[in-house]
Amino acid sequence: MTYLVTGVRGIVGRTVVDQLRAAGKPVRAASSRPAETTVPDDVELVGLDLTDPESVTAALAGVEKVFCYAAAEGIGNFIDAAEAAGVAHVVLLSSIAAENDQNPIGARHLAVENPLRASGLPLTVLRPGAFAANARTWFPTIKDERVVRVPFPDLHLTPIHEADIADAAIAALDDSSHAGKTYPLTGPESLSHHQQVAAIAAALGEPVQLIELTYEEAADVYYRPVLDMWAKAGSEPSPVGPTSESVTGIPARTFAQWAVDHVDDYR
């Protein structure tokens, strides 16, 4: 049974590859930019251009299970090739924003979810909220200055560890009872930006200063629809759950654990 993982330049896709490989499962990694992608030597790497039917057919040859990112352009080619290849299960990495089709981020993900559902392919949709890995954007200034510059320091999010998303994806791929289900996912706790920075400082063992950005200053770094959502959210704690435990049966990792796991990235 071969697993195809698309978007392996992304942190979730790469984590899925690493976890499948660690479990001794045959995995093929696909990237739209294979020349810029690095995978372990024993993992097959293929180029994947969803707008090119031949590329999609080649990537899916002999594949039974697929983990894929939400890319609307070429989704028809993917569906046709998956049906022809006899793919037994697809897990789609969507977004919790897809609960609202008026949200531009949600609409972009629904443009993939809806055709896949309509195709009849066995499908599980994962809808995580904020990634813990979004804090990677802070790494350069933490390294250089021990500073994080962020808007809305009191905003609460429920950051989810990429390893929990990968665990949920693999659990779903390996159990057909998850087909036809959609799983919203959060991390196990609501944390402000202040608290996330404090967790990173604790993992690092050194103080890290938070400097508040204005909306306009942040717009040079962050996607404006995200800033607009944050501006409306206020400073109330975010609802927690369901977490990846709803899929895996294993307690979800905390942001503090994520900070420890990545401490070498900002040391």
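I will try to describe carefully the structure that is included in this document. (Residues numbered from 1 in each chain as written. Predicted model: local features only at pLDDT ≥ 70, side-chain atom pairs only at ≥ 80, totals over all residues. Heavy atoms only, no water.)

A closer look at the sheet that holds strand β3 (residues 44–47)
The strand order across the open sheet built from seven strands is β3-β2-β1-β4-β5-β6-β9, with neighbouring strands paired in parallel fashion. The outermost strands of the open sheet, each flanked by one partner alone, are β3 and β9 (182–185). Within the sheet, the average angular offset between the axes of one strand and its neighbour, ignoring direction, is 20°. As paired strands, strand β1 (residues 2–5) and strand β4 (residues 63–69) are joined by four bridges and run parallel to one another. Within β4, the residue paired with threonine 2 across the bridge is valine 63. (Pairing = 2+ DSSP bridges. Helix = DSSP H or I, 4+ residues; strand = E, 2+ residues; numbered from the N terminus. Axes fitted to C-alpha atoms, helices over the stretch in contact; angles between N-to-C directions.)

Notes on unusual backbone geometry
Going from glycine 241 to proline 242, the amide bond is cis rather than trans, its omega being -5°. In this structure, arginine 146 is a non-glycine residue whose phi angle is positive, near 55°. Relative to the elements of secondary structure, arginine 146 occurs in the loop between α5 (139–145) and β7 (147–150). Located in the positive-phi region is phenylalanine 152, a residue other than glycine, with phi close to 50°.

A look at the pairing of strand β5 (residues 89–93)
Across the five residues that make up β5, a large majority, five, are buried. Alternating residues of β5 divide into His89, Val91 and Leu93 and Val90 and Leu92, and every residue in both groups is buried. Where β4 meets β5, five bridges bridge the pair, whose relative direction is parallel. Along β5, the bridge assignment pairs cysteine 68 with leucine 92. Crossover β4 to β5 through helix α3 (residues 75–85) is right-handed. Two strands pair when backbone bridges link them, and β5 and strand β6 (residues 123–128) are joined in this way by four bridges, in the parallel orientation. (Buried < 20%, exposed > 50% of the residue type's maximum accessible area, 1.4 Å probe, protein only. Right-handed = clockwise from strand over helix to strand, strands pointing away.)

Description of the pairing of β6
Of all six residues in β6, six are buried, a share of seventy percent or more. Across the two faces of β6 the burial is the same, with Leu123, Val125 and Arg127 and Thr124, Leu126 and Pro128 all buried. What joins β5 to β6 is helix α4 (residues 104–119), and the crossover it makes is right-handed. For β6 and β9, the ladder comprises four bridges, and the chain directions are parallel. The partner of arginine 127 across the bridge, within β9, is proline 184.

Examining the layout of surface pockets
If you add up the space inside the second largest pocket, you get close to 390 Å³. Along the wall of the second largest pocket there are 19 residues; nearest its centre are Gly7, Ser32, Leu48, Leu50 and Ala71. Listed by contribution, the elements that provide at least two residues to the lining of the second largest pocket are β2 (27–31), β4 and α3. Here the residues of the lining of the second largest pocket sort into 10 nonpolar, five polar and four charged. (1 Å grid on protein atoms, 1.4 Å probe; cavity = no way out; pocket = protein on both sides within 12 Å on 5 of 7 lines; lining within 4 Å. Points joined across faces, edges and corners; volume = space filled by probe spheres on them. Nonpolar A, V, L, I, M, F, W, Y, C, P; charged D, E, K, R; others polar.)

Considerations on the environment of glycine 62
In this structure, glycine 62 sits in the loop between α2 (53–60) and β4. In this structure, the C-alpha to C-alpha distance between glycine 62 and alanine 85, residues 23 residues apart in sequence, is 6.7 Å.

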